[in-house]
Amino acid sequence: LPALLRSLPGALVATALLTAVLLLGQETKKWQDLRQKVGRLRFSIALALLLRLPSKDASCLYSVGLLLLYAGNRRPPFGPGAVHQVSAYLCSLVESLRYMACFPVLFLLALPSMVQSELQKFAWSKLSANLSGFAKQAPAEVEPLLKRVSGGIYWKRIWVDFEAAQDAVDEDDPMGADLAPAVPCVASSPAQICAQQLARQAGVDFRSVDSLKIARLSVLLKKYMKPKGGLEALEFNDLREAAADEGSFLRLAEERLEVAQPEDAGANNSAGENRGTDRLMEFLTGGLRTHREGATNAPWDCQVDVLLRWQGAPLNEERLQRAVDLVIQQQPMLRACVPPDDSTDLLLGSRNSGFSTTVAASWSLLNELNFLEQWPKVRRAVAGAIYLCWPRTFIRSANAFKIPKLAKTTSKDSKNLADEVYGVMNESGWAWWRSDSSLNMCLIHLEKNSEVTSCVYCSVTHKYADGGAVAAFVTALSEAYAVLERGEMPSGEEHPVLSVQEQRLWRYLEGLPGREGQVDVYLFDIVNDMYNHKWGHSVGIDFTMKICDLVRAAGRRMACSEEIAWISCMSCAMLRLMPDEEMLKLMIVHNGRLGEAEGAVACVSNYVMLRIPCLERGNSPVADICSRVKYMVTHGHFSRPRSTEQAHARLNIGGMIGTDGNFVQLFKTGRGRDPSWSRAPYVIQLRMDNEGGIWCVKDFKCHEFLDPTTFWRAAVAAAQEIAEGNFTTPVAPVAA
């Protein structure tokens, strides 16, 4: 009895604290508010001391209770039976014990970021910005190059326009080339005929090419053609340059490819049964597979969507349903469950960064400093501990999905079909939406004047998908529908994207350097903790078709895709407006669909770093800068950014799906963001997409030292010089 009385205060304290954790844990915001008021480290120290105030230390009891709460919060989705429910809790308890055992190592790695978040003002006062020499306005010697490009701000948005050269001749005018009919190349051999047909199927017209169409063409070539004996298969980088000219593309296909026979095309297909997974664990968790990858920091309910209109013969709804089921069987990330570890990871993290990504970024920094180079076993042990504690993704073995349907009869004429379709979905209240599914679709029928227009809305969670993943899903859906329409037997082989993502994550955690020309996991959670970034202003930009055609013409002059043309013109603009920078660093998003990652409905894209030297601007023509950008992108001269490496620009430029089979992409009327001020880690931060030929800027932030209107004038001026053939114009001519 005396021993029980002595332990009673400790038990009461531990029970009270666990009850508070349980109640506050239902709403993460309350924990965040409490930590902000008290401070994370102070709160942890106070809690540890409070557990030791009673006569009987309550730390052990509190730890056991906290373990049970962790296990309950991180339990995987269980199956329908009672056995699966019990096994899910038991598996979560075992996994939580392993998590707790590895937690001290992770805590030590995350401690610097925690201290920095507590003493932010003091830390930033001791640091200075790494980038310097930003120009507040265009240098005097550059201003004459911008005289034919005008710009300004109207209704809080930037507009840019240009004047054509007065001595331009019609037949030499690159702007007229878009309106002139293309002269088709005649394919002479079976390989050229097949390659030409696949290029047209992928939407590559050899005039305006973007990365999504090239990626689609790469998948089709590998499926219906094979490399000649002793030659390597055509990869994504090979097609970037060849897809700019039809003649070059046909010659490349004749040299390296031949038509695959039906037995060759089906040789690699399998039922996907030998996955090497643990059947016992799948049974205990109700058929779930555990997967780990460097997923995006987007929440589960953040979506990447696309709206498609069906053209051609009437849409067969039953065939569409079968095609969707087939694609779900092929693409494992479409069967992903809601991640159970995200709430815990964000709760333990600092600010907007998750705990695991902060730990991994700090660990990568230590590896770059060769901290444990002489102890490889210790390094692998730490990497293994981080991997075991990494947030898990659970993949279902099957996912029953039924496409919901909406219909509306209207007699009004709409300016934009996409806006009308979204209006129908808004009227439905989105009651058909499945919040626990990574894939959501809806079939909408609009009847007007006895004519029915069928549209398909597709959405995938941004947690495990990007714009390229949605494009890959549309391609797979269109192809599956066509296969079923022809009455052929479709393949249910599962895409190997899970192993690709796990290998990329393990390579990053193991501390191996980024390979040149490859896309690996990159986490920049600690960069903002190490530099005192100044402020920048976000503002909207409106491009006309005239501006987009100008950059498109510059891309044809450079024999590259539109994305590379935009990056090249922006590089010339930044080098002109920052005369003191000898090395321009661009952090761009690469779609990452290389090798086995091609055709994956998953977020395989990531940031890579381009390093463009420009030592003598007076002797460096704009063609030299553009050729360096094109060469680095097309030939894979890029690598994963280092942990503390800063960049002048962070660019995310994506293409459009356009037409894929019988599906045509629709775009709703866009609305730009209101101007605002915020921290600017980069001189230029940009996200833009191609929407029906017009490039729409979704997000643009410019450093306070740089005028945004002047920047866009300089970018358009560079495009004008390339399009008009003025390749020898220096980047920064010497003032007279």
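Note that the structure is a prediction, hence the values are computed from the model and not measured. (Residues numbered from 1 in each chain as written. Predicted model: local features only at pLDDT ≥ 70, side-chain atom pairs only at ≥ 80, totals over all residues. Heavy atoms only, no water.)

1. A short note on the overall build of the protein chain
So, point 1. Counting its secondary structure elements, the protein chain contains 23 helices and 20 strands.
So, point 2. Intrachain contacts of the protein chain at a sequence separation of at least 6 include 79% that bridge at least 24 residues. (Helix = DSSP H or I, 4+ residues; strand = E, 2+ residues; numbered from the N terminus. Contact = heavy atoms within 4.5 Å.)

2. Thoughts on the sheet that holds strand E6 (residues 303-310)
So, point 1. If you trace the 6 strands from one edge of the open sheet to the other, you get E8-E9-E10-E6-E17-E16, paired in mixed fashion. In this open sheet, the two edge strands, each paired with only one partner strand, are strand E8 (405-409) and strand E16 (659-660).
So, point 2. Of the pairings in the sheet, the one linking strand E9 (residues 439-448) to strand E10 (residues 451-461) comprises 10 bridges and is antiparallel in character. Looking at the pairing, leucine 446 lines up with threonine 453 of E10.
So, point 3. With respect to the sheet, helix H13 (residues 317-330) is in contact with E8, E9, E10 and strand E17 (663-666), its orientation differing from that of E9 by roughly 160°.
So, point 4. Set on the sheet, helix H18 (residues 467-485) makes contact with E6, E9, E10, E16 and E17; between it and E6 the angle comes to about 35°. (Pairing = 2+ DSSP bridges. Axes fitted to C-alpha atoms, helices over the stretch in contact; angles between N-to-C directions.)

3. Let's talk about the packing of helix H7 (residues 190-201) against helix H10 (residues 246-256)
So, point 1. For the pair H7 and H10, interaxial distance at closest approach is 8 Å and the crossing angle is 130°. By the criterion of interaxial angle, the relationship of H7 to H10 is oblique. Crossing hand, H7 versus H10: right-handed. When H7 is examined against H10, the residues Ala191, Gln192, Ala195, Gln196 and Ala199 are found in contact with a partner set consisting of Glu246, Phe249, Leu250, Arg251, Ala253 and Glu254.
So, point 2. Grouping the constituent residues of the contact of H7 with H10 by class yields 6 nonpolar, 2 polar and 3 charged. (Parallel < 35°, antiparallel > 145°, perpendicular 65-115°, else oblique. Left-handed = near helix turned anticlockwise from the far one by under 90°. Nonpolar A, V, L, I, M, F, W, Y, C, P; charged D, E, K, R; others polar.)

4. Points about the state of the cysteines
So, point 1. As enumerated under the stated definition, the model contains 0 disulfides in all.
So, point 2. Of all cysteine sulfurs, the one in cysteine 626 lies closest to cysteine 560, which takes part in no disulfide; the gap is 8.0 Å. (Disulfide = S-S within 2.5 Å.)

5. Quick word on the sheet that holds strand E20 (residues 694-703)
So, point 1. Read from one edge of the open sheet, 7 strands run E14-E13-E15-E19-E20-E11-E18, paired in mixed fashion. Of all the strands in the sheet, just strand E14 (606-613) and strand E18 (676-679) have a single pairing partner and so form its edges. Across this sheet, the average inter-strand angle for adjacent strands is 20°, counted without regard to direction.
So, point 2. The pairing of strand E13 (residues 583-590) with strand E15 (residues 649-654) spans 3 bridges and is parallel. Paired with methionine 587 across the strands is arginine 650, a residue of E15.
So, point 3. With respect to the sheet, helix H23 (residues 708-723) is in contact with strand E11 (535-538), strand E19 (684-691) and E20, its orientation differing from that of E20 by roughly 130°.

6. A closer look at H13
So, point 1. Between its terminal C-alpha atoms H13 stretches 20 Å, which fits the 20 Å expected from 14 residues at 1.5 Å a residue.
So, point 2. The complete set of buried residues in H13 reads Leu320, Gln321, Ala323, Val324, Leu326, Val327, Ile328 and Gln330.
So, point 3. Where the residues of H13 are buried, they touch E9, E10, H18 and E17.
So, point 4. Its side-chain oxygen at 3.1 Å from the backbone nitrogen of glutamate 318, asparagine 316 defines the N-terminal cap of H13. (Expected span 1.5 Å × (residues − 1). Buried < 20%, exposed > 50% of the residue type's maximum accessible area, 1.4 Å probe, protein only. Polar contact = N/O pair within 3.5 Å; in protein donor to acceptor, adjacent residues only side chain to side chain.)

7. Notes on the pattern of salt bridges
So, point 1. Per the counting criterion, the structure on display carries 24 salt bridges.
So, point 2. In this structure, aspartate 549 engages arginine 552 in a salt bridge whose closest nitrogen and oxygen atoms are separated by 2.5 Å. Here aspartate 549 and its partner arginine 552 are both found in helix H20 (residues 545-558), 3 residues apart, which amounts to about one turn of the helix.
So, point 3. Residue arginine 576 pairs with glutamate 721 through a salt bridge whose shortest N-O separation is 3.0 Å. On the criterion of sequence distance, the pair formed by arginine 576 in helix H21 (residues 562-577) and glutamate 721 in helix H23 is long-range, its members being 145 residues apart. (Salt bridge = Lys/Arg side-chain N within 4 Å of Asp/Glu carboxyl O.)

8. A closer look at the nonpolar core
So, point 1. Core analysis: the largest hydrophobic core is formed by 67 residues, its most contacted members being Phe543, Trp566, Met570, Ile684, Phe700 and Trp712.
So, point 2. Ranked by residues supplied to this core, first place goes to H21 with 11 residues.
So, point 3. Among all residues touching tryptophan 712, those that are not within four sequence positions of it are Ile158, Val160, Ile541, Phe543, Trp566, Met570, Leu686 and Phe700.
So, point 4. Counting 35 residues, the second-largest nonpolar core is a separate cluster that includes Leu308, Ile328, Leu443 and Ala465. (Core = buried A, V, L, I, M, F, W, Y, C linked by side-chain atoms within 4.5 Å.)

9. Focus: unusual backbone geometry
So, point 1. Even without a glycine there, the phi angle at asparagine 449 is positive, about 55°.
So, point 2. On the basis of relative accessibility, which here comes to 62%, the residue asparagine 449 falls in the exposed class.
So, point 3. Backbone geometry at serine 450 places phi at a positive 65°, although glycine is not the residue there.
So, point 4. Among the structural elements, serine 450 can be located in the loop between E9 and E10.
So, point 5. Classification of serine 450 by relative accessible area gives exposed; the value is 70%.

10. Re the packing of H20 against H23
Two packed helices can be described by the angle between their axes and the distance between those axes.
So, point 1. Put simply, H20 and H23 touch, their axes get as near as 8 Å, and they point 50° apart. As summarised for this structure, H20 and H23 are arranged oblique, according to the angle between their axes. Note that H20 runs across H23; the crossing there is left-handed. Contacts from Ile547, Leu550, Val551, Ala553, Ala554, Arg557 and Met558 in H20 reach Val716, Ala719, Gln720, Ile722 and Ala723 in H23.
So, point 2. A breakdown of the residues in the contact of H20 with H23 according to their chemical character gives 10 nonpolar, 1 polar and 1 charged.

11. Details of the confidence of the model for the protein chain
Atomic detail in the predicted coordinates should be set aside for any region of low pLDDT.
So, point 1. A residue-level look at the protein chain finds 77% of positions with pLDDT of 70 or above and a mean pLDDT of 78.
So, point 2. Of the regions scoring below 50 in pLDDT, residues 129-135 engages in 19 contacts with residues more than four places distant in sequence or in other chains.
So, point 3. For the stretch residues 167-181, pLDDT sits under 50, and the model shows 18 contacts to residues farther than four places along the chain or on other chains. (pLDDT = per-residue confidence, 0-100.)

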